[in-house]
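Summary of structural features
Listed here are the chains, written in short residue letters.
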Amino acid sequence: MSTEENDVDIMKPPVPKPEAEPLIAIRDLKVHFKPTGRRSGVVKAVDGVTFDIFPGETLGLVGESGCGKSTLGRAILRLTEPTAGQVFYRNRDLADLSGRELRKHRRHLQVIFQDPYSSLNPRMTVGQIVGEPLETFRIASGKEAEQRVQELLETVGLSRRFIKRYPHEFSGGQRQRIGIARALAVDPDFIVADEPISALDVSIQAQILNLLEKLQREKNLTYLFISHDLRAIRHASDRVAVMYLGRLVEVANAETIYSDPLMPYTKALISAVPVPDPTIEATRRRIVLQGDVPSAINPPRGCRFHTRCPYAIEACREVVPPLVEIKPNHFAACIRISPEQPDIDKVAANEAPGLSAALEAANEAAIQ
Amino acid sequence: MTTSNGHLLEVRDLRTYFDTEDGEVKAVDGISFQLRRGETLGIVGESGSGKSVTNLSVIRLIPEPPGKIVSGEVLFNGVDILGLSEEEVRKIRGRRIAMIFQDPMTSLNPFMKVSRQLMEITQLHLGHSKNQAYAHAIKMLEKVGMPDALSRADSYPHEFSGGMRQRVMIAMALSCAPELLIADEPTTALDVTIQAQILELIKTLKQATGTSVILITHDLGVVAGMTDHVIVMYAGKVFEQATTKELFATPGNPYTKGLLRSVPDPVSDKGELYQIPGLPPDVAHLPAGCPFAPRCERAEEICSREFPPFVELTRDHYSLCHFAHEVYAESKTQAGG
């Protein structure tokens, strides 16, 4: 107990948020890797990400493959070591915790993985898989643990009788339920759900989305919901953060991101999502982006999206756009818009109303 | 050699079974459909519904054993592909009927330059000389939007991104100007912005060449934007068949209705998502009666006892359901209101 109190003193408090205390606060988080093989350079998978996750909310993190969203999720849980930056959980910096301390806190932070086939040990029974965290964190053992495992299985919509069965006896959706039961075993506050429905059939995806929502209501969970599927993200999330090549480019309410995206990348991403309605599909104008996502090794200078952006001007190649609150609670990283002129289509060619704010931010960063 | 009704492809009562440890699996069990020239047909279904096996049967690529095309006809320009010799099929496959698969990395040879893989096809099927084939390969790569095609043609597959590899696959598939292109989940492995590029490309090329397309997908959004007709498969059977517009507006089958309702709609408000209860069927052990009955919210006693009829709702709209007319009428009222 005493060590816990001591911890509080050592911890640097995060930037205080006026309205509510965030459950998770991420500050300038960076995860850099050495590329595999003989290639030189650094893979900047996550490169200076700052955001808060508030208690009881679902924050959707969306982006294309290679944008760093999974790495970010793993770095928050320290399943991958961050290179720099802080992750505060209830005001404690997780990045500073030693192994033993970290383990104690990790109980409150859990993860659900994408692939229900490879994330369950094939040689363990469902009872052992779901019961293992109970033993690890010394929450329950023996008969009591078994009882709890059975309750957990029922909570996620599986039969109590499954306790002696092995993962291969289950379908993808059922396995994902087992993974969820395992995450819930230790009564966490916060769950990183990394593409939890991507490997599942359409009819099963809806079941898992509904289950996650039900559990959130019943257990007051907070989720970081990582997905490339904008339809699922829109449905499951309260707020959405859009990631591109290691950086956040837009953060807003889920409805707003859809109805009123500000940043050109978000606009393109949303327009690329096929809508299950032939009449809409036949008439709507789709922004088709040219080219591929550039490599995270030596990413483009300036705005990382400028190589594919139909709105890019000369300054976009040089200036790194900061995440600016363009509208209330709606943040976007683009120098071609500003709080005064949030609509990029109304900005005159070659104008960059957000440029001065970007330069200021760059100066501040340089001084620090 | 065209059939009198102008169909490029007509599949009649196709049955493809597999021998497994679990017993005989009727992966495709009495499928019939037609494809008109220049049309795009979507085949929708979840895993195990038989949508891929249907198309592998059409081009006779079912591994035998354990698989076996038990019965049926696949009339391509009026000729039954199932009755042809292996050699005759090989002349059609790749030349008149071409395929694109989900994973472009595993369908390309990693040890061969992309140009050589493209050249092989036209050298074989069109009798091109090396020079002709090379020129044609470059032309095809340019057609599918490969930037800098001339200098990149001699690269190996691993040097391309997923989207570019899929473009190479499309270039290969279209290099003999096939009459039919079968695309099996062509964009499932790709990111949304790349998916948009590839779908746009397939659309443009289809318009330019008049190729008919069968698009297999689990994504109802892709179906809505790309196809003229749709068939919905479940447990090896066609559950519903209609024009795309009609299927989305007034579905006549409870399974289709459930599928459509379970996709999150980005435009509408959130709230609990409709979910089809239960699990996809185990095709090796299908229940008696309608295979969807255990998951169907409007199933009645007859559904678990008798196999449902394939009901004609309108001239182009069929549904496999005991209550097809009722379901269709409900959809009509919902669409009207």
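On a predicted model such as this, the values are computed, not experimentally measured, just so you know.

**Brief notes about the overall build of chain A**
In terms of helices and strands, chain A carries twelve helices and twelve strands. The C-alpha atoms of chain A give a radius of gyration of 22 Å, which matches the 21 Å a tight globule of 368 residues would have. In terms of its C-alpha atoms, chain A occupies a principal-axis envelope of roughly 70 × 60 × 50 Å. Counting all 368 residues of chain A, 46% fall into the buried class. Sequence-distant contacts, at least 24 apart, represent 62% of the contacts inside chain A between residues at least 6 apart.

**Structural notes on the overall build of chain B**
A count of helices and strands for chain B gives twelve helices and twelve strands. Computed over the C-alpha atoms, the radius of gyration of chain B is 21 Å, within 12% of the 20 Å expected from 2.2 N^0.38 for a compact globule of 337 residues. Taken over the C-alpha atoms alone, chain B extends approximately 65 × 50 × 45 Å along its principal axes. Counting every position in chain B, which comprises 337 residues, the buried fraction comes to 50%. Contacts spanning at least 24 positions in sequence make up 64% of the contacts within chain B whose residues lie at least 6 apart.

**Quick look at the interface of chain A and chain B**
Each partner contributes to the interface: chain A provides 32 residues, whereas chain B provides 37 residues. Contributing elements (two or more residues each) for the side of chain A that touches chain B: helix H7 (202-219), helix H8 (230-236), helix H10 (264-272) and helix H11 (278-283) of chain A. Broken down by element, the residue count for the side of chain A that touches chain B peaks at six residues, all from H7(A). Of the residues that constitute the side of chain A that touches chain B, the class distribution is 16 nonpolar, eight polar and eight charged.

**Side note on the sheet that holds strand S4 (residues 84-89) of chain A**
Residue and element names in this part refer to chain A. Reading across the sheet, the four strands line up as S2-S1-S4-S5 and stay open at both edges, with antiparallel pairing between neighbours. Each edge of the open sheet carries a strand with a single partner, namely strand S2 (43-53) and strand S5 (92-93). Alignment of strand S1 (residues 24-33) against S4, held across five bridges, turns out to be antiparallel. Across the sheet, the residue bridging to Arg27 is Gln86, located in S4.

**A short note on helix H4 (residues 126-136) of chain A**
The α-helix winds at 3.6 residues per turn, so residues separated by three or four positions along the chain end up facing the same way. Of all the positions in H4(A), only A:Val126, A:Ile129, A:Val130, A:Gly131, A:Pro133 and A:Leu134 are classed as buried. Buried residues along H4(A) sit in contact with helix H5 (142-155) and helix H6 (172-184) of chain A.

**Points about the packing of H7(A) against helix H11 (residues 254-262) of chain B**
When two helices pack together, their arrangement is given by the angle between their axes and by how far apart the axes lie. The N-to-C vectors of H7(A) and H11(B) enclose an angle of 50 degrees; their axes lie 9 Å apart at closest approach. Taken together, the axes of H7(A) and H11(B) are oblique relative to one another. In this structure, H7(A) meets H11(B) at a crossing whose hand is left-handed. Seen from H7(A), the contacting residues are A:Val202, A:Ser203 and A:Ala206; seen from H11(B), they are B:Gly258, B:Leu259 and B:Ser262. By residue class, the composition of the contact of H7(A) with H11(B) is three nonpolar, three polar and no charged.

**Remarks on the sheet that holds strand S3 (residues 40-44) of chain B**
Residue and element names in this part refer to chain B. Read across the open sheet, the eight strands follow the order S6-S7-S8-S3-S9-S10-S12-S11; overall the sheet is mixed. Pairing within the sheet leaves two strands with one partner each, and these edge strands are strand S6 (97-100) and strand S11 (310-314). For this sheet the average axis-to-axis angle between neighbouring strands, irrespective of direction, equals 20 degrees. Relative to the sheet, helix H7 (residues 162-174) contacts S6 and strand S7 (180-184), its axis offset from that of S6 by approximately 175 degrees.

**Considering the environment of B:Val230**
Residue and element names in this part refer to chain B. As for its placement among the helices and strands, Val230 is situated in strand S9 (residues 229-234). Sequence separation between Val230 and Ile216 is 14 residues, and the spatial gap between their C-alpha atoms is 9.8 Å. Ignoring any residue separated from it by four or fewer positions in sequence, one finds Val230 in contact with Gly42, Val44, Val223, Ala242, Thr244 and Leu247.

**A word on the confidence of the model for chain A**
With 94% of its residues at a pLDDT of 70 or more, chain A shows a mean pLDDT of 87. The low-confidence segment residues 1-18 of chain A (pLDDT under 50) makes twelve contacts with residues lying over four places distant or belonging to another chain.

**Digging into the pairing of S2(A)**
All names here are of chain A. Most of S2 sits inside the fold, with nine of its eleven residues counted as buried. Both S1 and S2 contribute to a ladder of eight bridges, which runs antiparallel. Within S2, the position partnered with Leu29 by the bridge is Val49.

**Points about the pairing of S11(B)**
Residues and elements named next belong to chain B. Examined bridge by bridge, S11 and strand S12 (residues 317-320) share four bridges and lie antiparallel to one another. Its bridge partner lying in S12, Thr314 is registered against His317. Between the antiparallel neighbours S11 and S12 lie two residues.

**Structural notes on the environment of A:Leu79**
All names here are of chain A. Along the chain, Leu79 falls in the loop between helix H2 (69-76) and S4. For Leu79, a count of 15 C-beta atoms within 10 Å translates into the label partly exposed. Through-space distance from the C-alpha of Leu79 to that of Thr136 is 17 Å; in sequence the pair is 57 residues apart.

**Description of the nonpolar core**
Ranked by internal contacts, the top residues of the largest apolar core, which has 204 residues, are A:Ile24, A:Val242, A:Leu248 and A:Val249. Per-element tally for this core: the top contributor is H7(B), with eight residues. Residues contacting A:Val242, with those up to four places away along its chain left out, are A:Val62, A:Gly63, A:Leu248, A:Val249, A:Glu250, A:Tyr265, A:Thr266 and A:Leu269.

**Some points on unusual backbone geometry**
The omega angle of the peptide bond from B:Glu64 to B:Pro65 is -15 degrees, so this bond is cis rather than trans. Even without being glycine, A:Glu195 reaches a positive phi, approximately 50 degrees. By the secondary structure assignment, A:Glu195 is in the loop between strand S7 (190-194) and H7. The exposure class of A:Glu195 is buried, given the 20 C-beta atoms found within 10 Å.

**Regarding the packing of H6(A) against H7(A)**
Residue and element names in this part refer to chain A. Relative orientation of the contacting elements H6 and H7 amounts to 15 degrees, with a least axis distance of 10 Å. Judged by the angle between their axes, H6 and H7 are roughly parallel. Crossing handedness for the pair H6 and H7: right-handed. Mapping the contact onto sequence places Gly172, Gly173, Gln176, Ile180 and Leu184 in H6 and Ile204, Gln207, Ile208, Leu211 and Leu215 in H7. A class-by-class count of the residues in the contact of H6 with H7 yields six nonpolar, four polar and no charged.

**Comments concerning the confidence of the model for chain B**
With 97% of its residues at a pLDDT of 70 or more, chain B has an overall mean of 90. Between the elements of chain B, mean pLDDT differs from a low of 76, seen in helix H3 (residues 104-107) of chain B, to a high of 97, seen in S12(B).

Definitions and cut-offs
- Residues numbered from 1 in each chain as written.
- Chains lettered and ligands numbered in written order.
- Predicted model: local features only at pLDDT ≥ 70, side-chain atom pairs only at ≥ 80, totals over all residues.
- Helix = DSSP H or I, 4+ residues; strand = E, 2+ residues; numbered from the N terminus.
- Rg over C-alpha atoms; globule rule 2.2 N^0.38 Å.
- Buried ≥ 20, exposed ≤ 12 C-beta atoms within 10 Å, placed from the backbone.
- Contact = placed C-beta atoms within 7 Å.
- Nonpolar A, V, L, I, M, F, W, Y, C, P; charged D, E, K, R; others polar.
- Pairing = 2+ DSSP bridges.
- Axes fitted to C-alpha atoms, helices over the stretch in contact; angles between N-to-C directions.
- Parallel < 35°, antiparallel > 145°, perpendicular 65-115°, else oblique.
- Left-handed = near helix turned anticlockwise from the far one by under 90°.
- pLDDT = per-residue confidence, 0-100.
- Core = buried A, V, L, I, M, F, W, Y, C linked by C-beta atoms within 7 Å.

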